[in-house]
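Take a look at the letters that make up each chain.
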Amino acid sequence: VDHLAGKVAFVQGGSRGIGAAIAKRLARDGAAVALTYASSANQAQEVVQEIEAIGGRAIAIKADSADAMQIKSAVQVAADTYGKIDILVNNAGVLALGNVAETEISLEDIDRTLAVNVRSVIVASQAVVKHMDKGGRIITIGSTNSDRMPFQGGSIYAMSKSAIVGLTKGLARDLGPLGITVNNIQPGPIDTEMNPDSGDFAQTLKGLMALPRYGTVEEVASFAAYLAGPEAAYITGASLLIDGGFSA
Ligand code: NDP
């Protein structure tokens, strides 16, 4: 408790789902939080209000993670507001499904997937590092689908999450000398609007897992809070599964 007191976190995509839970958890653990959103303004404000209700500090910034300029501006707003950034969480992500044998995968879907799921991580990391001291943390939400892609239609999503594995290793090498760690959390099925724990697809996924249940956003947020904290100082360049044994 309070192991993040005095820290500042920037959560890219913090209005809903896993990102909102991470923003709230980091705040509960003592961090001041800047969170971004693209379209869910009301939900972003609700996250801010929930954090303020527990005595925390938070701001919400509109910034489309597909747009590098908007990411850089948001990072600047956060740094101007709080004076520094200690923790970057890259959570913004999109899921475009399509079986290449059955449908034409649009170039727009490919480009948007790469822009939001991959390019935003590079842009935000580079922008944040200027405001980050020794002990800094960069955490990206990848996916167990980098490791196991056991259903049809997920090729471009899996590609984007696999890119994060290599990117995390490279960033860890670049930023290690600065005392900054870089890690990739790879969740399995987590109950959110992107992947609701209901319907036939959810049943199929549960049949593939060692633990036949969906995870909760709080379980992922707890893992992120650990990686963000001082006890995780020796973990870097790692892609870490929290997936109920999905890829076991
Ligand atoms: P949701 O769709 O429930 O939430 C996505 C969040 O990302 C929202 O806050 C959304 O904000 C934000 N976001 C999406 N696109 C953009 C954008 N262009 N710019 C800024 N913010 C954006 O998804 P989840 O919470 O389920 O997923 C979060 C991350 O976890 C993603 O990277 C996803 O790939 C990954 N993941 C999810 C799993 C699952 O089973 N749920 C499993 C493994 C990984 P807004 O509404 O304002 O656009």
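Definitions and limits used
- Residues numbered from 1 in each chain as written.
- Predicted model: local features only at pLDDT ≥ 70, side-chain atom pairs only at ≥ 80, totals over all residues.
- Buried ≥ 20, exposed ≤ 12 C-beta atoms within 10 Å, placed from the backbone.
- Helix = DSSP H or I, 4+ residues; strand = E, 2+ residues; numbered from the N terminus.
- Pairing = 2+ DSSP bridges.
- Right-handed = clockwise from strand over helix to strand, strands pointing away.
- Axes fitted to C-alpha atoms, helices over the stretch in contact; angles between N-to-C directions.
- Near = placed C-beta within 6 Å.

Colleague: Looking at this structure, how should I read the pairing of strand 7 (residues 239-242)?
Modeller: For a regular strand, side-chain orientation follows a simple rule: the groups alternate between the two sheet faces. Burial along strand 7 is one-sided: S239 and L241 are buried, while L240 and I242, pointing the other way, are not. Summarising the sheet, strand 6 (residues 181-187) and strand 7 pair through 4 bridges and their orientation is parallel. Within the sheet, the bridge partner assigned to I185 lies in strand 7 and is L240.

Colleague: I tried to follow the pairing of strand 6 on my own but got confused; where do I start?
Modeller: With respect to burial, strand 6 is a largely interior element, 7 of its 7 residues being buried. Here strand 6 shows a buried face lined by T181, N183, I185 and P187 and a second buried face lined by V182, N184 and Q186. In the sheet, strand 5 (residues 137-141) pairs with strand 6 via 5 bridges, with the strands oriented parallel. Directly across from I141, in strand 6, lies its bridge partner I185. Of the crossover connections in this fold, the one passing from strand 5 over helix 5 (residues 155-175) to the parallel strand 6 is right-handed.

Colleague: Looking at this model, I keep getting lost on the sheet that holds strand 6. Mind explaining?
Modeller: Adjacent strands of a sheet form backbone hydrogen bonds with each other and so pair up, either parallel or antiparallel. One open sheet holds the 7 strands; their spatial order is 3-2-1-4-5-6-7, and the pairing between them is parallel. Edge strands, defined here as strands with exactly one partner in the open sheet, are strand 3 (58-62) and strand 7. Neighbour-to-neighbour, the strand axes of this sheet turn through a mean angle of 20°, independent of strand direction. As paired strands, strand 4 (residues 87-90) and strand 5 are joined by 4 bridges and run parallel to one another. Bridge pairing links L88 to I138 in strand 5.

Colleague: Help me understand the site of the ligand in this model?
Modeller: Not every one of the 29 residues close to the ligand is listed here, only the nearest: G13, G17, S65, G93 and T192. Secondary structure elements with two or more residues in the shell around the ligand: helix 1 (17-28) and strand 2 (32-37). Looking at which element gives the most residues to the shell around the ligand, the answer is helix 1, with 3 residues.

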